[in-house]
Amino acid sequence: MNVLVLGSGGREHALVWKLRESQLTDDIFCAPGNAGIAQVAECFPVDLSNPAAMLQLAEKVKADLTVVGPEAPLVAGVVDEFQRAGRRIVGPTKAAAQLEGSKIFAKEFMHRNAIPTARFAVVDDYETGLKFLKEFGLPVVIKADGLAAGKGVVVARTREEAEKALDNFMVQKSLGGAGDQVVMEECLVGEEVSFIVLAGNRGWLPLVATQDHKAVFDNDEGPNTGGMGAYSDDSILPESLRQQIVGTVIEPTLAGMAAEGMPFQGFLYCGLMLTEEGPKVLEYNVRMGDPETQPIMMRLRSDLCEMLTASLGGQLAALGARWSPNPSVCVVLASKGYPAKSETGKEISGIEASESLGGVKVFHAGTVFGNRRLLTSGGRVLGVTATGEDLPKAIEKAYTAVSKIHFDGMHYRRDIGAKGLRRLNTAQEIHHPDNQAGNPSPA
Ligand code: AMP
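**Q** Break down the overall build of the chain for me, citing the residues and quoting the values.
**A** The secondary structure content of the chain amounts to 15 helices and 22 strands. Relative to the globule expectation of 22 Å for 443 residues, the C-alpha radius of gyration of the chain, 22 Å, shows essentially globular dimensions. Put simply, the chain has 443 residues, and 54% of those count as buried. Taking the contacts inside the chain whose residues are at least 6 apart along the sequence as the reference set, 68% of them involve residues at least 24 apart. As displayed, the chain offers around 18800 Å² of accessible surface, 49% of which is attributable to carbon and sulfur atoms.

**Q** Give me the lowdown on the sheet that holds strand S7 (residues 140-144), citing residues and values where you can.
**A** The four strands lie next to each other as S6-S9-S7-S8, forming an open sheet whose pairing is antiparallel. With partners counted over all chains shown, the strands left at the sheet margins are strand S6 (120-123) and strand S8 (153-156), one partner each. Going across the sheet, the axis of each strand differs from the next one's by a mean of 20°, ignoring polarity. By the bridge criterion, four bridges tie S6 to strand S9 (residues 182-186) in an arrangement that is antiparallel. Bridged to Ala121 within S9 is Met184. Those strands touched by helix H6 (residues 103-112) are S6, S7, S8 and S9, and its axis lies near 140° from that of S6. Most of the contacts of helix H8 (residues 159-171) go to S7, to which it runs at about 5°, and overall it touches S6, S7, S8 and S9.

**Q** Just give me the short version of the pairing of strand S19 (residues 360-364), but keep the residues and values in it.
**A** Of all the five residues making up S19, five are buried; the element is thus mostly covered by neighbouring parts of the structure. A two-sided burial pattern is seen for S19, the buried positions comprising Val360, Val362 and His364 on one face and Lys361 and Phe363 on the other. Relative to strand S22 (residues 380-387), S19 runs antiparallel, the two sharing five bridges. Note on S22: the bridge partner recorded for Lys361 is Thr385.

**Q** Outline the site of the ligand, listing residues and values.
**A** Of all residues adjacent to the ligand, which total 15 residues, the nearest are Glu185, Glu186, Leu188, Glu192 and Glu283. Taking Glu185, its side chain carries an N or O atom lying 2.7 Å from a nitrogen atom of the ligand. Within the backbone of Glu186, a nitrogen or oxygen atom sits 3.0 Å from a nitrogen atom of the ligand. If the ligand stood free it would expose 470 Å²; the protein chains cover 90% of that surface. Only S7, S9 and strand S17 (278-285) provide two or more residues apiece to the shell around the ligand. For the shell around the ligand, a count of residues per class yields seven nonpolar, one polar and seven charged.

**Q** Explain helix H2 (residues 51-60) to me, using residue names and the numbers behind them.
**A** Listing the buried residues of H2 in full gives Pro51, Met54, Leu55, Leu57 and Ala58. Buried residues in H2, looked at end-on, bunch into an arc of 160°, giving them a common side. Seen from the buried face of H2, the exposed residues on the opposite side, beyond 90 degrees, are Gln56 and Lys60. The N-cap residue of H2 is Asn50: its side-chain oxygen and the backbone nitrogen of Ala52 are 3.1 Å apart.

**Q** An account of H6 is requested, with residue identities and associated values reported.
**A** When you tally the buried positions in H6, you get seven out of 10 residues, the bulk of the element. At the exit of H6 stands Ala114, carrying a positive phi of roughly 55°.

**Q** Tell me about the sheet that holds strand S2 (residues 28-32), and name the residues and values.
**A** Taken together, the five strands give an open sheet; going across it, the order is S3-S2-S1-S4-S5, and neighbouring strands pair in parallel fashion. Each end of this open sheet is capped by a strand with a single partner; those strands are strand S3 (42-43) and strand S5 (89-90). In this sheet, strand S4 (residues 65-68) lies alongside strand S1 (residues 3-7) in parallel orientation, the contact comprising four bridges. By the bridge assignment for S4, Val5 is matched with Val67. Of the strands in this sheet, S1, S4 and S5 touch helix H11 (residues 304-313), which is tilted by about 100° from S4.

**Q** Before we move on, could you go through the packing of aromatic side chains and cite the residues and values that matter?
**A** Counted under the stated rule, the structure contains five aromatic pairs. An angle of 10° between the planes, with centres 6.4 Å apart, marks the rings of Phe105 and Phe109 as stacked. Of this pair, Phe105 and Phe109 are both found in helix H6, four residues apart, which corresponds to roughly one turn of the helix. As far as burial versus exposure is concerned, Phe105 and Phe109 are alike and both buried. Aromatic side chains Tyr399 and Tyr412 sit 6.2 Å apart centroid to centroid with 40° between the ring planes, which places their arrangement in the tilted category. One end of the pair, Tyr399, is in helix H14 (residues 391-403); the other, Tyr412, is in the loop between H14 and helix H15 (418-431), and 13 residues separate them in sequence. For Tyr399, a relative accessible area of 17% corresponds to the buried category.

**Q** Can you break down the pairing of S9 residue by residue, with the values?
**A** In terms of burial, S9 is a largely internal element, four of the five residues being buried. Note that S7 and S9 share five bridges and pair antiparallel. Its bridge partner lying in S9, Ala144 is registered against Val182.

**Q** How would you sum up the pattern of salt bridges? Please name residues and give values.
**A** Scanning all chains against the criterion turns up 26 salt bridges. Put simply, Glu163 and Arg159 hold a salt bridge, and the shortest N to O gap is 2.8 Å. On the criterion of helical spacing, the pair formed by Glu163 and Arg159 is a turn pair, its members being four residues apart in helix H8. The exposure class assigned to Glu163 is partly exposed, which follows from its relative accessible area of 26%. Between Asp180 and Lys173 there is a salt bridge; the shortest N-O distance is 2.6 Å. Ionic contacts of the salt-bridge type, sharing partners, join the residues Lys103, Asp212, Lys214 and Glu283 into one network.

The rules behind these values
- Residues numbered from 1 in each chain as written.
- Predicted model: local features only at pLDDT ≥ 70, side-chain atom pairs only at ≥ 80, totals over all residues.
- Heavy atoms only, no water.
- Helix = DSSP H or I, 4+ residues; strand = E, 2+ residues; numbered from the N terminus.
- Rg over C-alpha atoms; globule rule 2.2 N^0.38 Å.
- Buried < 20%, exposed > 50% of the residue type's maximum accessible area, 1.4 Å probe, protein only.
- Contact = heavy atoms within 4.5 Å.
- Areas by Shrake-Rupley, 256 points an atom, 1.4 Å probe, with all protein chains shown as cover.
- Pairing = 2+ DSSP bridges.
- Axes fitted to C-alpha atoms, helices over the stretch in contact; angles between N-to-C directions.
- Near = heavy atom within 4 Å.
- Polar contact = N/O pair within 3.5 Å; in protein donor to acceptor, adjacent residues only side chain to side chain.
- Nonpolar A, V, L, I, M, F, W, Y, C, P; charged D, E, K, R; others polar.
- Arc of directions from axis to C-beta.
- Phe/Tyr/Trp six-rings, centres within 6.5 Å; stacked < 30°, edge-to-face > 60°.
- Salt bridge = Lys/Arg side-chain N within 4 Å of Asp/Glu carboxyl O.

Printed below as a string of structure tokens:
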């Protein structure tokens, strides 16, 4: 099969890398791709907001299967365009992609279908926003309705921050039309988890759970980014909690979308807060996460191409998926200035040394070749991804691999996976209470 992957980040590099391993793939193409992807797949420029242009490219390269990485082409209707032309593509239709394309749509959908989520109000103008602020108290979360590339959510701790967010989105129009309406919602407390499923036209399949690190600095400090790292470990979601999420979120979401005439196909990403009252949905994404895809693909043992084909053919649930029990960790290396304005054009060195450690894959995001040198070309540059037989070893391997890589101004978080380590330590203390000082040893 010829496969076309749409997108240009670390997520797409991980998908292409995994598809390369498949027995079913012949040629793999990517558009627009990046310097790392170009080493393993032929890349073409394409306008990701133009469904007709993407279809034209798929026809040109005779793609038997197309996979969509980012949300913009989905929200623009690329799947509808391909379906009309009878070309196979994995992803939701424009109608189903509203789960991500409109926060208001998503919240009202969850409300209609009794899917647990934060209490919310839809705000149509600045003045109404000020009124709702009194009702919600502080902290409060303010979200632009439309797509905003990770810049549309503010967790406001003070009234000034909340007013500023409303003003930025609704009066200054900092996000253009995406902030014409906003959602205001109660601030949830708990640990965040990403749970992604691949939904087929019959049945669905869970992927391994991950934890993302959105803030730019260690300890979740500083502004939010597209994601500074992620890890996957079975300890993130104990089986009982997983069952609860499936029963209260995944099944009602897929059933609700089908009942409302928008059956969901493709990757459904549920960003969840594990609150004291149980898991609640923070957001839906209608595609794989970036950087969550990188650690997920490191653990996938099944043939990705076979899984994607089965999702379209209706045999997905029967096929199932096999996973490595070993955890994986992805550390994102970012350019100076990111997430605000990033420096670019810096030479990158050390990738080979990093990968030669074994159990390490360096996925490219903002990279480009210039004068035969590998250069930075965006905010998030590389996703250094490693596996190990347990989480401490995977983390250590990832950071050893990071230490081999250099570009001017490079910065990264040093605590990717730390929440997982804390969880494991707590579990150990519970299992071995005699380790704690002052506890009598069992007789
Ligand atoms: P979203 O794009 O909706 O996932 O929001 C981005 C980030 O904002 C999430 O990953 C959370 O860290 C935070 N966030 C969003 N909604 C809430 C909420 N209701 N309570 C607390 N934090 C939130």
